[in-house]
Amino acid sequence: MKERLSKIQKEAEEALKKAKTLEEIEALRVKSLGRKGFLTLLIREIGKLPKEMRPSLGRLANEIKKSLSQVIEEKKAKAKEKRILAPLDLTLPGKRPSLGGLHPITQVLNEVTGIFSRLGFRIVQGPEIETDYYNFEALNMPPGHPARGMLDTFYLTKNTLLRSHTSPVQIHVMEKKKPPIRVISLGKVYRYEAVDASHLPMFHQVEGFMVDEGISFSHLKGVLEVFLNELFGPKTPIRFRPSFFPYTEPSAEVDIGCLICKGKGCSVCKRTGWLEILGSGMIDPSVFKAVGYDSEKYTGFAFGVGIERIAMLKYNISDMRLFFENDLRFLRQF
Ligand code: DAH
């Protein structure tokens, strides 16, 4: 028995000398000192030997166990240190992280935000759940006003709704702050629409407005010209067309020269050479009245733009639904 013990000790020590990695050392520990290890089994055998043999053999076995454990612990500590200090080979080829990308709508939103920030506009957010007052009434659309029909609105209760445009943000801002004001607001709007290539029940808009003493239609033209030229490229032709919105007077819709046919006339611009891009106008005095501004003193302009429409024109996309189907083959192109 004594010989077997010292043989096990020798063999284990030999093997430990060769073991280098933490894994190898641990494997050897299990093999000798583990629950079914050589030494553990041998110690169990000693327990079955005649009484007078047990003490001396037991003592010897325990000493061997202690010394092996110690060697193992020391070797493990060294291996750990080595692992930490292992030289870093900077010439190895790197692992390329798989990159995500920004959604095309996010890209356009960022671009629009960038342009208006540079023009000194502040960016604010408004709630997506609105009351009838903010979405309609304060914007000069009292109950029964025919223009309410232009905005097919999702009602939550009789008085609350999902905003059908971003114009209510004008009211929130002006209620809280006195002029001068230069603000844009970007976000989701909701409309009760049948889904097709150019209509969705949810899309994004940017609302911009500026109020101060002496703001005129030429300020509106100047700001929109800078905006559209930055967005669609310098010298993009722009025209203002008389229109109507209850919250602006006068109102204008703005067209840009068709990006596809460069104004010659194609199916995208319905042979007109122009693409309608946004609604705008001088803020109606009745809106100022709703927020307690003196319309004799202050004037202002406002405009609203659909983000999906911009993205479709910019990237030449013919179906708006593609933006929200999350098909990576589509999204990876941006
Ligand atoms: N709110 C309008 C819409 O959703 C867009 C719009 C038109 C906003 C004229 C304005 C504006 O601020 O002056 O169709």
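The rules behind these values
Residues numbered from 1 in each chain as written. Predicted model: local features only at pLDDT ≥ 70, side-chain atom pairs only at ≥ 80, totals over all residues. Heavy atoms only, no water. Helix = DSSP H or I, 4+ residues; strand = E, 2+ residues; numbered from the N terminus. Buried < 20%, exposed > 50% of the residue type's maximum accessible area, 1.4 Å probe, protein only. Contact = heavy atoms within 4.5 Å. Core = buried A, V, L, I, M, F, W, Y, C linked by side-chain atoms within 4.5 Å. Patch = residues over 30% accessible without salt bridge, like charges linked within 9 Å, V, L, I, M, F, W, Y side chains within 5 Å. Areas by Shrake-Rupley, 256 points an atom, 1.4 Å probe, with all protein chains shown as cover. Salt bridge = Lys/Arg side-chain N within 4 Å of Asp/Glu carboxyl O. Lys, Arg positive; Asp, Glu negative; His and termini not counted. Charge placed at Lys NZ, Arg CZ, Asp CG, Glu CD. 1 Å grid on protein atoms, 1.4 Å probe; cavity = no way out; pocket = protein on both sides within 12 Å on 5 of 7 lines; lining within 4 Å. Points joined across faces, edges and corners; volume = space filled by probe spheres on them. Nonpolar A, V, L, I, M, F, W, Y, C, P; charged D, E, K, R; others polar. Axes fitted to C-alpha atoms, helices over the stretch in contact; angles between N-to-C directions. Parallel < 35°, antiparallel > 145°, perpendicular 65-115°, else oblique. Pairing = 2+ DSSP bridges. Domains from an automatic or database assignment. Phe/Tyr/Trp six-rings, centres within 6.5 Å; stacked < 30°, edge-to-face > 60°.

## Details of the environment of Pro237
Locating Pro237 in the fold gives a position in the loop between α8 (217–232) and β7 (238–245). The class for Pro237 is partly exposed, based on a relative accessible area of 43%. For the pair Pro237 and Cys258, spaced 21 residues apart in sequence, the C-alpha separation works out to 8.6 Å. Excluding anything up to four places from it in sequence, Pro237 contacts Asp255, Ile256, Gly257 and Trp274.

## Quick word on the nonpolar core
Where a protein is soluble and globular, its nonpolar side chains tend to be buried together. The biggest cluster of nonpolar side chains holds 45 residues, and the ones touching the most others in it are Val112, Phe227, Ile277, Leu278, Phe301 and Ile310. Of all the elements, α8 adds the most residues to this core, at 7 residues. Setting aside its immediate chain neighbours within four residues, Ile277 contacts Leu228, Phe232, Val254, Asp255, Ile256, Val305, Ile310 and Leu313. Within the second largest apolar cluster, 26 residues are counted, among which are Tyr134, Ala147, Leu161 and Val183.

## A short note on a positive patch on the surface
On the surface, a cluster of positive charge is made up of Arg35, Lys36, Arg44 and Lys48. Among the secondary structure elements, Arg44 is positioned in helix α3 (residues 38–46).

## What about the layout of surface pockets?
Reported here for the second largest pocket is a volume of approximately 200 Å³. If you go around the second largest pocket, the residues you meet are Leu99, Gly100, Gly101, Leu102, His103, Leu328, Leu331, Arg332 and Phe334. Of the residues contributing to the lining of the second largest pocket, the split by class is 5 nonpolar, 3 polar and 1 charged.

## Topic: the packing of helix α1 (residues 2–18) against helix α4 (residues 54–85)
Between α1 and α4, the shortest axis-to-axis distance is 10 Å and the interhelical angle comes to 0 degrees. Here α1 lies roughly parallel to α4, going by the angle between them. Mapping the contact onto sequence places Lys2, Leu5, Gln9, Ala12, Glu13, Leu16 and Lys17 in α1 and Leu57, Leu60, Ala61, Ile64, Ser67, Leu68, Val71, Ile72 and Lys75 in α4. A per-class count over the contact of α1 with α4 returns 10 nonpolar, 2 polar and 4 charged.

## Quick notes on the pairing of strand β10 (residues 299–306)
In terms of residue burial, β10 counts as a mostly covered element, since 6 of its 8 residues are buried. Pairing between strand β6 (residues 202–212) and β10: 8 bridges, direction antiparallel. Its bridge partner lying in β10, Phe209 is registered against Ala302. Note: strand β9 (residues 274–283) against β10, 5 bridges, orientation antiparallel. Along β10, the bridge assignment pairs Gly279 with Gly304.

## A short note on the sheet that holds strand β5 (residues 181–190)
Strand order in the open sheet formed by 7 strands is β1-β5-β6-β10-β9-β8-β7, and the pairing between neighbours is mixed. Both edges of this open sheet fall to β1 (122–123) and β7, since each of them pairs with a single strand only. Along the sheet face, helix α5 (residues 104–118) touches β1, β5, β6 and β10 and points at about 165 degrees away from the line of β5. Along the sheet, helix α7 (residues 168–176) makes contact with β5, β6, β9 and β10, crossing β6 at roughly 40 degrees.

## Some details on the domain arrangement of the protein
For the protein, the assigned domains are domain 1 (2–84) and domain 2 (104–331). Here the C-alpha centroids of domain 1 and domain 2 sit 79 Å apart.

## What to know about the sheet that holds strand β2 (residues 129–131)
Taken together, 3 strands build an open sheet; the order of strands is β2-β4-β3 and the sheet is antiparallel. The sheet is open, and its two edges are formed by β2 and β3 (154–155), each paired on a single side. Looking at chain direction, β3 and strand β4 (residues 160–162) are connected through 2 bridges and run antiparallel. When the sheet's bridge partners are listed, Tyr155 is paired in β4 with Leu161.

## Remarks on the packing of aromatic side chains
One pass over the structure, following the stated rule, counts 15 aromatic pairs. Consider the rings of Tyr315 and Phe334, whose centres lie 5.0 Å apart with planes at 65 degrees: the pair is edge-to-face. Of this pair, Tyr315 sits in helix α10 (residues 307–315) while Phe334 is found in the segment after α11 (328–331), placing the two residues 19 residues apart along the sequence. Given a relative accessible area of 26%, Phe334 falls into the partly exposed group. Ring geometry for Phe330 versus Phe334: centroids 5.1 Å apart, planes at 70 degrees, classification edge-to-face. The class of Phe330 is buried, set by a relative accessible area of 9%. Within the aromatic cluster, the residues linked to one another by ring pairs are Phe116, Phe121, Phe227, Phe301 and Phe303.

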